[in-house]
Amino acid sequence: MITLDLSGRRALVTGASGGLGQAMAETLAQAGAQVAVHYRKGQAQAEAVVQAIKGRGGKAQAFAADLSDLAAVEALMHDAGAALGGLDILVNNAGLDGSRAEVGDDDPRHWQQVLAVDLLGPYYCARAVLPYMAKAGRGVIINITSVHEFIPWEGYSAYTSAKAGLSMFTKTLAQETADKGIRVVAIAPGAIQTPINQAVWGDPRSLKDLDEKISMGRLGTPAEIASVVAFLASDLASYITGTTIAVDGGMLIYPEFRHGG
Ligand code: BGC
């Protein structure tokens, strides 16, 4: 029998008070890892995630930090590392789409904010966690990008740029750390049903439009991303580094080309 065993591992998941991050934290804990549940504003939600994990016999603790602030990220890693007795898994999940506006009609401060959370945040977190991984002699950093590291998206140039940047950061950091027992991998989720895109799946017409962009014809679930996070964090994925795994129901295989062309 193949087992996915993360017992003895210490994981930090950013943006884990809801959406994808919540499912990731719960799944990692189910696989045996101790989990630091990072949140920015949703303290009550983060505590509920911690309680859910503890209720199933797992170990978790919540930590707050603004990921766009380097000093706050360093304090986060220090506190989580001390509480968990080290850190060997980092999931850079926190992110925002930003508001839709074409370049020129947009507000440059919004562009900066998206870049700060979606690209600088993962960089700060990775940078601050590396000493812990070096100490442990092992580590896995999982960066959550998006199909929009590949697919342009009108009105979301900050988001697509940040995600493409995070993809290249993944590859470069993987190259830098491969000889230190550290793997760095990206997951590109497609359209997953979470609060981030609720306005789209909450409306039947836009949901139909979105489903047509997915080969499998349906949105994914947070659990379908979380299971890949657990796999990549485990030794089952011991030879995977510096690449992006798409988990998108076939969004990247151009479903519109089933006809015509
Ligand atoms: C975005 C979602 C969007 C999906 C597919 C994701 O990266 O966060 O809002 O529905 O890509 O376009």
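Rules used throughout
- Residues numbered from 1 in each chain as written.
- Predicted model: local features only at pLDDT ≥ 70, side-chain atom pairs only at ≥ 80, totals over all residues.
- Heavy atoms only, no water.
- Helix = DSSP H or I, 4+ residues; strand = E, 2+ residues; numbered from the N terminus.
- Buried < 20%, exposed > 50% of the residue type's maximum accessible area, 1.4 Å probe, protein only.
- Contact = heavy atoms within 4.5 Å.
- Areas by Shrake-Rupley, 256 points an atom, 1.4 Å probe, with all protein chains shown as cover.
- Lys, Arg positive; Asp, Glu negative; His and termini not counted.
- Charge placed at Lys NZ, Arg CZ, Asp CG, Glu CD.
- Core = buried A, V, L, I, M, F, W, Y, C linked by side-chain atoms within 4.5 Å.
- Polar contact = N/O pair within 3.5 Å; in protein donor to acceptor, adjacent residues only side chain to side chain.
- Expected span 1.5 Å × (residues − 1).
- Salt bridge = Lys/Arg side-chain N within 4 Å of Asp/Glu carboxyl O.
- Pairing = 2+ DSSP bridges.
- Right-handed = clockwise from strand over helix to strand, strands pointing away.
- Near = heavy atom within 4 Å.
- Nonpolar A, V, L, I, M, F, W, Y, C, P; charged D, E, K, R; others polar.

Peer 1: So what exactly am I meant to see when it comes to the overall build of the chain here?
Peer 2: Along its length, the chain carries eight helices and seven strands. Of all 261 residues assigned to the chain, the portion counted as buried reaches 46%. Of all intrachain contacts in the chain linking residues separated by at least 6 positions in sequence, the fraction that spans at least 24 positions is 73%. Carbon together with sulfur atoms contributes 55% to the accessible area of the chain, which is approximately 12700 Å² in total. Separation between the mean location of the 21 positive side-chain charges and that of the 26 negative ones in the chain comes to 6 Å.

Peer 1: Sorry if this is basic, but what is going on with the nonpolar core here?
Peer 2: It is characteristic of soluble globular proteins that their nonpolar side chains tend to be buried jointly. Counting 38 residues, the largest nonpolar core has Met-24, Leu-28, Val-37, Val-91, Ile-142, Ile-187 and Val-229 as its most contacted members. For this core, the element with the highest residue contribution is helix H8 (residues 222–233), accounting for seven residues. Once residues lying within four places of it in the same chain are set aside, the contact partners of Leu-28 are Leu-6, Ala-11, Val-13, Ala-33, Val-35, Val-91, Val-229, Ala-230 and Ala-233. By size, the runner-up hydrophobic cluster in this structure holds 26 residues, among which are Val-73, Leu-76, Ile-141 and Ile-182.

Peer 1: Teacher, can you tell me more about the side chain of Ser-146 here?
Peer 2: Assignment of secondary structure puts Ser-146 in the loop between strand E5 (139–144) and helix H5 (157–177). Separated by 2.8 Å, the side chain of Ser-146 and the backbone nitrogen of His-148 make a polar contact. Among all residues touching Ser-146, those that are not within four sequence positions of it are Tyr-159, Lys-163, Ile-187, Ala-188 and Pro-189.

Peer 1: Even after reading the chapter, I still don't get helix H3 (residues 70–84), so can you show me in this structure?
Peer 2: Compared with an ideal rise of 1.5 Å per residue, which puts 15 residues at 21 Å, H3 spans 21 Å between its outermost C-alpha atoms and is within 8% of the ideal. Looking one or two residues past H3, Gly-85 carries a phi angle of roughly 75 degrees, positive in sign.

Peer 1: Can you help me understand the pattern of salt bridges in this one?
Peer 2: Close approach of charged atoms allows side chains of opposite charge to pair. Per the counting criterion, the structure on display carries eleven salt bridges. Arg-9 serves as the salt-bridge partner of Asp-235, at 3.0 Å between the closest nitrogen and oxygen. Of this pair, Asp-235 sits in the loop between H8 and strand E7 (244–247) while Arg-9 sits in the segment before strand E1 (10–13), and the two are 226 residues apart along the sequence. Residue classification places Arg-9 among the buried residues on the basis of a relative accessible area of 10%. Close ionic contact of Asp-209 with Lys-213 constitutes a salt bridge, the shortest N to O distance being 2.8 Å. One connected set of salt bridges, linked through shared partners, spans Arg-10, Asp-88 and Arg-138.

Peer 1: When you look at the pairing of strand E4 (residues 89–92) in this model, what are you seeing that I'm missing?
Peer 2: Regular strands place their side chains on alternate faces of the sheet. Every second residue of E4 is oriented toward a common face, with Ile-89 and Val-91 on one face and Leu-90 and Asn-92 on the other, all of them buried. Bridge analysis of E1 against E4 gives three bridges, and the strand direction is parallel. Pairing of Ala-11 across the sheet is with Ile-89, part of E4. Bridging between E4 and E5 involves four bridges; their strand directions are parallel. Considered in E5, the bridge of Val-91 is made with Ile-142. Between E4 and its parallel partner E5, the chain crosses via helix H4 (residues 108–136), and the hand of that crossover is right-handed.

Peer 1: Which parts of the structure should I look at to understand the environment of Ala-83?
Peer 2: Note that Ala-83 resides in helix H3. Residues Ala-83 and Ala-188, spaced 105 residues apart in sequence, show a C-alpha to C-alpha distance of 30 Å. Beyond its immediate chain neighbours, meaning those up to four positions away, Ala-83 contacts Gln-61 and Phe-63.

Peer 1: Any chance you could explain the side chain of Asp-97 here in plain terms?
Peer 2: Within the fold, Asp-97 resides in the loop between E4 and H4. It is Lys-163 that comes nearest to the buried, bridge-free Asp-97 among opposite-charge side chains, at 7.2 Å.

Peer 1: Looking at this model, I keep getting lost on the site of the ligand. Mind explaining?
Peer 2: The environment of the ligand is formed by Asp-97, Ser-146, His-148, Trp-153, Tyr-159, Gly-190, Ala-191, Ile-196, Asn-197 and Met-251. Between an oxygen atom of the ligand and a side-chain N or O atom of Asp-97, the distance comes to 2.6 Å. Separating an oxygen atom of the ligand from a side-chain N or O atom of Asn-197 is a distance of 3.3 Å. For the ligand, whose free accessible area comes to 310 Å², the fraction covered by protein is 90%. Its residues placed into classes, the shell around the ligand shows five nonpolar, four polar and one charged.

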